[in-house]
Every structure is written in structure tokens, then in C-alpha cells.
Amino acid sequence: MGKSKVYFTDRQARPDYNMIDKLEHVFKELSLDKEIKSGEKIMIKTHFGQWGNTNYLRPAYARKIVDLVRAVGGEPFVAETTGLGYGGDGTYGGRTTAPEYLGMGALHGYTDATVGAPIIMADGYWGTDVYDIEVDGEHVKTVDVAAALLDCDKVIVLTHAKGHGLGGIGGTIKNLGIGLVGKRGKAAMHFLGDIKIDPEKCLGPECSKCLKVCPVRCITMNEKAEVDESRCIACHHCVSICATVEAKAATQTWRPNHEQGSIFVENTVGVINAIGADKFYYINLAIDISDKCDCWNVGAPLLVHDIGIFGSRDPLAIDQATLQAIKDAPANPDSPVGEIECGACKFAMVHACKDPETGEILELAERQLAHAEKMGLGNREYELATITKDPPKKPGGAEE
Ligand code: SF4
Ligand code: SF4
């Protein structure tokens, strides 16, 4: 297999070629202006960020993509999927149901009016509006792909590239493998599918809170709550709500941290296979790069300076190129990676996830991308095509 092409434009913005102009340049290098046909339904998949996170992607980038799609005759919409857990997050709500997360998105500037297109939750109200797609993964055999994907002609995956505590890097693969699956797919990353309700601890009919939040209605109440395991999707809602009443009767086992990046990857295989790799276009904005995913309620310190924008048709090559650029960048001395040398993995240092057997600190990002290669998601070998615009001309034609 030859190298995959990854387009790159750096962070150096100027008034006649700012980051929005650069995004348009990447859009054109990906030939989206030629390949989008009139009337095609174009999903723009992004992430709106958790309340309290201030590193998330500004909606202006989604707006620009919407305008570019519409200019060539496409019918754009912006999509996200519901998050895990249940019960919101204080005054400003959570991301668990469609209305919660749409409200959350509005707080971060993501509304139909600001992005210029409809915003949808691609996996429905509860995160259960999905299609099952089979994959031959080591951990995952069925991926619950967000139903809205199935009706798309093309998908532009607009990703904020940053760290992720369980996958190392939260890039394109994470945006697909967690961001375009339903609740079960997200829960499968964090947990093993073994919901248990301890009758000794359950508070019984006077509580019944788990019955209300179970999206598939598989909990019944006699004297104590009981789960029909054959229908449970292991979504974690009952565990979350039970923790709020402090009974902690409903429990579920966490998956070992170092395994979780592999779930991103295997889910991503299902997402891409659902409509075919030829429908996907990838853009990573490597800006505001902390070690944490935007689902954290904090804008954690930035580990490096902004890098720029990457574009590719290969979901693995784009994440590999982005990771390498972050490794190569000098560390922010005020960040948790301090004076770490160029070339070392900042994410590994901060995440400090240890191999349970050897105690060695694992480069989770490398593990994620190696598994992606093994699963045939793409190519780790890439050719970086740096794109730029000619410097502005001075009056009379002299270069500045
Ligand atoms: S939320 Fe917990 S304590 Fe309440 S009924 Fe359900 S399992 Fe029992
Ligand atoms: S019983 Fe299963 S499906 Fe229902 S809320 Fe609990 S984890 Fe989710």
C-alpha cells in the first residue's frame, strides 16, 4: 500500500488568509467543491463540548463548512450524538438525551441559526435510534451506528484534535467510533456489559428512578428492581441514576483503561462500513490541544501551541499525521508536560496509563492507531502535502 495523502496548513493566520480561509482551502484540496452533487445530504459531524470546557471547537468552523456545502448545491446538516450517564450536570444540563445536549450545544453557540443548517442528534432522543452493523473486532461484534448516518450521501468529519484519557488521542477515529454510535456503543468503550441490581441495596418501589430512565424499558419493579438482561443495552443510565440516590444498588464493571481505545477503532470500522469509505472526508483542527477530550467539563491547560488544519480521505493517516505533529511540537512549559523533549508523547506523559502487568506507561495513542491499522481502517504511512497561499502582493506587484 502506498502512502496516504494528508493535506496540512499551519496555524500562521493573516488577515487575507485566516483559519477560516485555510479551512476552505482544505475543503477544496479534498475536492469537496467538485464531488458534492446538487441535492446531496451532507452530514457535518462535530462535537459541541461539555459545559465548562473552553477548548472545544468554535461553531464558526462548522458554519464555514455549511456555507461551502450549500454553495455547491449540497444540503448540509450538523450532527452529534447523545452522551453517556444520566441526570444532567447541574444548572446547565448534560448531554444524555437529545434535548439536554441540544440545549448544551446552544450554550456553546451551536444553534441552527449560528451554523446555518439544522442540527440533529443522529442517534435520537435516548441514543437508541441506531442500526446494527456487524464487525469482526476483538472486542466488538456489533456496532450500533447512529441511524441518521444511513441516509447521508457524504459525511464531513470535522474534528477537534486533542488528547483523550482512554484512547491517547481524540481525533477523527474517536469522532467516528464514539461520536457516531449510540449509547450502547459508547458504553461498550467504558464498561463490560454486566448490569447487576443488588436486591439487598435496592430501595424498591418508592424509588423506581431507574425504571424511568431506562431507554429500552427493560427494568421491572416487584419488591425490588429487576433487569431483563436479554434486552439491556448496558447503557449505564440506571447505574448513574442509582448513584444519585446513594443506594448504589445498580452496578457495572469498568473495562480496563488500556483496552478502551480499541473500542473506538472497532466501532469506527462499523460506522464506515455502514455507508462505505468513499462517502467520508476528514478534517482535523489541531488547535487548543490539551490532554483531555471535550467531554470534560474543564478547558485543561494546552500542551503545545496550535498546529494547524489537516485534511485527508484516510481516517488513520490523518490521526497519525496529527499525532506526529503534536509530538514534534515544543511543549508548553506552563502545562503538565513541562519541559518534555520534542518527539516524546505528551499525551502518554499526562495520561500515565500503566500496563497492568508490567507497570510500564503506555502510549495509548500509538496503541489506538496500531489497532486501527490491524483492523484495516487505513494507512499509518502518509505523505504530508503542505498547502499555503501566496503572500499578499504590495501595490505595483512587489511581494511584501
Ligand atoms: S434507582 Fe437504584 S435504588 Fe432506586 S429502584 Fe433503581 S436500583 Fe433500586
Ligand atoms: S437496565 Fe440496561 S438498558 Fe436499562 S438503563 Fe440499565 S443499563 Fe440501560
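Shown above is the structure to which this text applies.
The rules we used
Residues numbered from 1 in each chain as written. Chains lettered and ligands numbered in written order. Predicted model: local features only at pLDDT ≥ 70, side-chain atom pairs only at ≥ 80, totals over all residues. Near = placed C-beta within 6 Å. Nonpolar A, V, L, I, M, F, W, Y, C, P; charged D, E, K, R; others polar. Helix = DSSP H or I, 4+ residues; strand = E, 2+ residues; numbered from the N terminus. Buried ≥ 20, exposed ≤ 12 C-beta atoms within 10 Å, placed from the backbone. Contact = placed C-beta atoms within 7 Å.

> Any chance you could explain the site of ligand 2 here in plain terms?
Residues in contact with ligand 2 amount to 13 residues; listed here are only the nearest, Cys214, Cys232, Cys235, His237 and Cys238. Grouping the amino acids of the shell around ligand 2 by side-chain chemistry returns eleven nonpolar, two polar and no charged.

> Explain the environment of histidine 236 here, please?
Along the chain, histidine 236 falls in the loop between β12 (225-227) and α9 (237-244). Given 21 C-beta atoms within 10 Å, histidine 236 falls into the buried group. Along the primary structure histidine 236 and glycine 204 are separated by 32 residues, whereas in three dimensions their C-alpha atoms are 19 Å apart.

> Looking at this structure, I do not really get the site of ligand 1. What am I missing?
The environment of ligand 1 is made up of 14 residues, and the closest members are Cys202, Cys207, Cys210, Cys242 and Ala247. Looking at the shell around ligand 1, the elements that each hand over two or more residues are α8 (209-213) and α9. Tallied by class, residues from the shell around ligand 1 come to twelve nonpolar, one polar and one charged.

> Would you take a moment to explain α9 for this structure?
Each full turn of the α-helix corresponds to 3.6 residues, which orients residues three or four apart in the same direction. Burial analysis of α9 places six of its eight residues in the buried class, which makes it a mostly covered element. For α9, the complete set of buried residues consists of His237, Cys238, Val239, Ser240, Ile241 and Cys242. Next to the buried residues of α9 lie α8, β11 (219-221) and β13 (250-251). Glutamate 246 sits one or two positions beyond α9 and adopts a positive phi of about 65°.

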